[in-house]
Every structure is written in structure tokens, then in C-alpha cells.
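Overview (structure and organization)
The chain contents come next:
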Amino acid sequence: MCVKKLFTLSIVIMLLQGCSSTIPIEKRESVRQDITASSEQLVMELTTFYPQLKSKIAQSEGYAVVDMSNINLSIIGGGTGIGAMYDNHTDSVTYFDVDRYNLAIGLGYNQYQALVIFDDRADMERFLSGEFEPIVSASWDFGVDTTMSSIAQASINENTPIYVMSRKGAIAIGGATVFKTTINHDLTDTGLGEGLVANKSLIEPDTDAREWSRALPFFAQDVIDKGFDLPKPYGISIVYTDTFQGMNIDELEVGFNGSDRLPIDFVTFHDNSNSTKSPQLKVDAWIFPFMNVFASVGKIKGEADIAFTIDGNGFLEQSGVDCSKIANFPICKALADKALTVPVVANLRGTSYTVGTILAAGWEDYFFVLPLSFTYADMKKTNAEGHIFSASPRIGKRFALSGLQSISVFAGAAYFDSDLILTGEQAIPGTDSFINYEVHQSNADKWSGVVGANYIFNHEWSVAMEYNWKSDDKRQFISSVTMRF
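The structure displayed is predicted, hence computed values, not measured ones. (Residues numbered from 1 in each chain as written. Predicted model: local features only at pLDDT ≥ 70, side-chain atom pairs only at ≥ 80, totals over all residues. Heavy atoms only, no water.)

**Regarding the overall build of the protein**
- Secondary structure summary: the protein contains seven helices and 21 strands in total.
- Out of the 485 residues belonging to the protein, those deemed buried represent 47%.
- Restricting to contacts in the protein with at least 6 residues of sequence separation, those with at least 24 account for 70%.
- On the protein, roughly 24,000 Å² of surface is accessible, and the fraction owed to carbon and sulfur atoms is 60%. (Helix = DSSP H or I, 4+ residues; strand = E, 2+ residues; numbered from the N terminus. Buried < 20%, exposed > 50% of the residue type's maximum accessible area, 1.4 Å probe, protein only. Contact = heavy atoms within 4.5 Å. Areas by Shrake-Rupley, 256 points an atom, 1.4 Å probe, with all protein chains shown as cover.)

Quick look at the structure:
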């Protein structure tokens, strides 16, 4: 690849980082070959000026070659680059991107190549780790020849020489410069997959060249050595759920004018339901290659419809109301030989806390996922609290699109066990009296069907939607935006 092409590729990668673009799969091998050719050309040219260079490279732990661009306008500037690290110990190649940030006085624009030789393995690993490298310097370059306009040798320390060859442009700056490297996962096979779960491809990768550099998941290296690809281990998601479900009242306790509540049997229940909406913030991590753990916190807003009818005679008798007393005449007139219907709409306002795990694995483009979660809902301000257990096995298939983009569709079932405790008071029409109650609501339909899709933009960003449904008494919509790192 000529320098101009590499420079153009560097600029494109820098500009598209915020647009979730990547190097297309079908072009990656060509890009690797071009970078290799450019690296060999630079070493050959530098050897003309430094004859001992080849022996230094051969005796080193490894070396890196990078094609960079740089622009500075007044006091700020920066650039981008793409390069490769050649490890003499493992005979492997790691491709990386470089971002440069200038806080310097100067003006201009240039393109250059750099060769870094590492005699210390710790320095080589630090270079690839992504740590910022600050440098305070003054430099100038007024080259006009696109083949070679200037050449310089510098160093981060005495053990790490840097050979710089200017290719094009003119620049003069002085101040602070910061470099940051990032492994290019489009070009480097580290075991990072293009899906959201551990996946085994039918195409066997070169496992000897793979090295998982992250702390999580545990046993990741063992798994990628067997040919599995893994997602990035950590995630942050914004989740929104909208749920409607028919509810059963399993228990009812009623008191009179604040008296102790007692269980009653002379009651008829009507259609009961609750409807809630909940935005949530979720964090997760892959602890093991096939096991993710997560926790979320969210706000709950909605209402619970409670309707029940109490037999008036039974209520008066159990409550100990003496209808022979004149003082009890109003309440006895309202309830004797009648039925008292209590239509209650309880506003649900509170906070939900969820913990859970996901068991998942994929084979080629197919995958299986089993999320398990437990949620506690704290709604003390509205005299309600509850808990939810859910399990949702599903299977799906991933369809590759352009670049790293893909869409995964899935279907399965959802088990949803919700128990809500509501307490409150309800006035008795035509009297100054009231009943105080406590009810336990549980969802009528525990199982429902699930369909959904997950759109993956790249290794970092994805959006998902799913719909749970069983008749008109159970429906739930869930959407989320996730960033992995």
C-alpha cells in the first residue's frame, strides 16, 4: 500500500469511529497485506540511513510501524494513524490505531511514518495497552518531496528508539502531544467476536495468534483457544419496559375504620390488572465465557386496578357492628342485605432493583440465551411493594450485514411470576366510615411467547427490542440501547 492510501485509510477510520463504521470483512486481508508491504518498505528505506537497523530489529523483542497524519491550527491539533506491532518472540502481528492530540502553538499539516523498536517487553505491552503517552517537544518539517523529505531519530527512553520519516506536508509546532493506541479488532484476531454471546464458528481460526488481554471473563483464553469468539466483557444499557398484565387477587384482608385487618371469604373479585412503565439503567459483565451477570435500577410509574365486592351482612357480622345501636344506623343501612363494591385504582410510583444472570452460547450463527432475574419493587409512597421472578429461554439466528453490522432475531417463551402487595383505604358511600384493606396481586398468566431482534452496529453499540404476549391479558414491550467496552 502506498503511503497516500494508508493515510487516507487512517483519516477514514478516525472520522468513522463516531459513526460506528469498520473495515469491511472482505477488505481486511488486503489491508493487512498493504500494511505489511508499507512496513517492509519503511524498514528498507531507513536501513539506507542506519545500516545497523536490521540487526537491532532482529535482536529486539519486537517493533511497531505506524502511518500517521498530523494537523495543527493555532494552539490545538491532532491526527490519526494505523500500524502494526511485530512480535519477534511469538512471531505474531497486532494491528492498532493511534490517536494524536496536540496542545501546541503551531500551524501546518504533515504525513509521516514511524518505526519504534522495543528492547523491553514491558514497554511493548504498555504501548499496546492504550495508555496515553505524553510528550513535550518542538518539531518542524518543511518537506515537499512525497517520497522522503526529512528523517529524524528520537526516543521515549533510551531503550525505545523511534525513527520518523516525513512523507508529505509542512508543519512547525511546539508544546505537548499525547498519543493513545487502540488495538484494531477488525484486523487483529484477538478472539473478540461480532455477536453478543460466545460463539463457535465452523471456520477454525489461527488460535496460536489469539491473545485475550482483558481481565474478564475468567477462562477466556481457554475458550478462544478452542475457537470461540467472545463479546466485550462489560456493558451499560438504558432499558425501557411497558407492561400490562391481568392479575389475580389471592388474598384479601379487610378492617373497619382502621381496625385490625382480618381475612374474609365473603368476597367476589372482578377483572384486575396492572399497567406499568419503567426506564432503567443496567450494568453487566461476562464473569465466565457463557455466563453474564447484571444489575439494574429503574423508576416505576403506573397503576393497579383492584375491584372486589363484599357481602354486606357478612362484613357487618365479622366486623362486630351492632345494628341495634342507633349510632350504627347509617353503616347498617348502607350495607345490610347489600353488597359493597370497592373499585380501587392504586397509583404505582417507586423504584425497582433487579439482579440476574444470563446463560448463553452460540454455534456458527445460531445462539441460545437464558436470562434469569429477580426484581424487588419498592413503592412505599404508594403503600405497595412487590417482587418479580422471570426466566426467558430463547433461541435465535444472527444475520451478518455490512462490516460488523448484523441483526439477530430470536423467539422463545417467558415465565413471569409477579406478586404485589397493596394496602389502602376506601370510603363507604353514604357514611363517614371506611374500610382498610390489604390485597395480594399475582399475575394471571405466568407464561407468554417472546419474539425480538437485536441490531448490532459494531463491537460497542447495539439496540434491542422484544415483545411478550399471551392474549389480551398479558403483553410487554422491552427496548434497550447497550454500549459494551
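**Some remarks on the packing of aromatic side chains**
- Taken as a whole, this structure holds eleven aromatic pairs when the rule is applied.
- Taking 6.2 Å as the distance between ring centres and 15° as the angle between the ring planes, the aromatic pair formed by Phe-219 and Phe-288 counts as stacked. In this pair, Phe-219 is assigned in the loop between β6 (199–200) and α5 (220–225) and Phe-288 in strand β11 (residues 272–288), connecting sequence segments 69 residues apart.
- Site record: aromatic cluster; members linked through ring pairs are Phe-96, Phe-118 and Phe-127.
- A cation over an aromatic ring shows up here: Lys-397 above the ring of Tyr-366, its NZ or CZ 4.4 Å from the ring centre. (Phe/Tyr/Trp six-rings, centres within 6.5 Å; stacked < 30°, edge-to-face > 60°. Lys NZ or Arg CZ within 6 Å of the ring centre and 35° of its normal.)

**Focus on the environment of Asn-436**
- Looking at the element boundaries, Asn-436 is found in strand β18 (residues 434–443).
- On the basis of relative accessible area, Asn-436 is assigned to the buried category, the value being 7%.
- Separated by 177 residues in the primary sequence, Asn-436 and Ser-259 have C-alpha atoms spaced 7.8 Å apart.
- Asn-436 has contacts with Glu-253, Val-254, Gly-255, Phe-256, Asn-257, Gly-258, Ser-259, Arg-261, Gly-424 and Glu-425, leaving out every residue within four places of it along the chain.

**Quick look at the confidence of the model for the protein**
- Across the protein, the average pLDDT comes to 82, with 86% of residues at 70 or higher.
- In the model of the protein, helix α1 (residues 3–16) stands out as the element of lowest mean pLDDT, 39, in contrast to strand β19 (residues 447–456), which has the highest, 96.
- Within the model, the stretch residues 1–21 combines pLDDT values under 50 with 35 contacts to residues more than four positions away or in other chains.
- In this model residues 144–155 is a low-confidence stretch, pLDDT under 50, and it forms 36 contacts with partners more than four residues away in sequence or in other chains. (pLDDT = per-residue confidence, 0-100.)

**Comments concerning the pattern of salt bridges**
- Under the defined criterion, the tally for this structure stands at 17 salt bridges.
- Two residues, Glu-466 and Arg-394, come together in a salt bridge whose shortest N-O distance is 3.3 Å. With Glu-466 in strand β20 (residues 461–470) and Arg-394 in strand β16 (residues 394–400), the pair connects residues that are 72 residues apart, well separated along the chain. Like Glu-466, the residue Arg-394 is buried in the burial classification.
- Two residues, Lys-446 and Asp-417, come together in a salt bridge whose shortest N-O distance is 3.0 Å. In this pair, Lys-446 is assigned in the loop between β18 and β19 and Asp-417 in strand β17 (residues 406–427), connecting sequence segments 29 residues apart. (Salt bridge = Lys/Arg side-chain N within 4 Å of Asp/Glu carboxyl O.)

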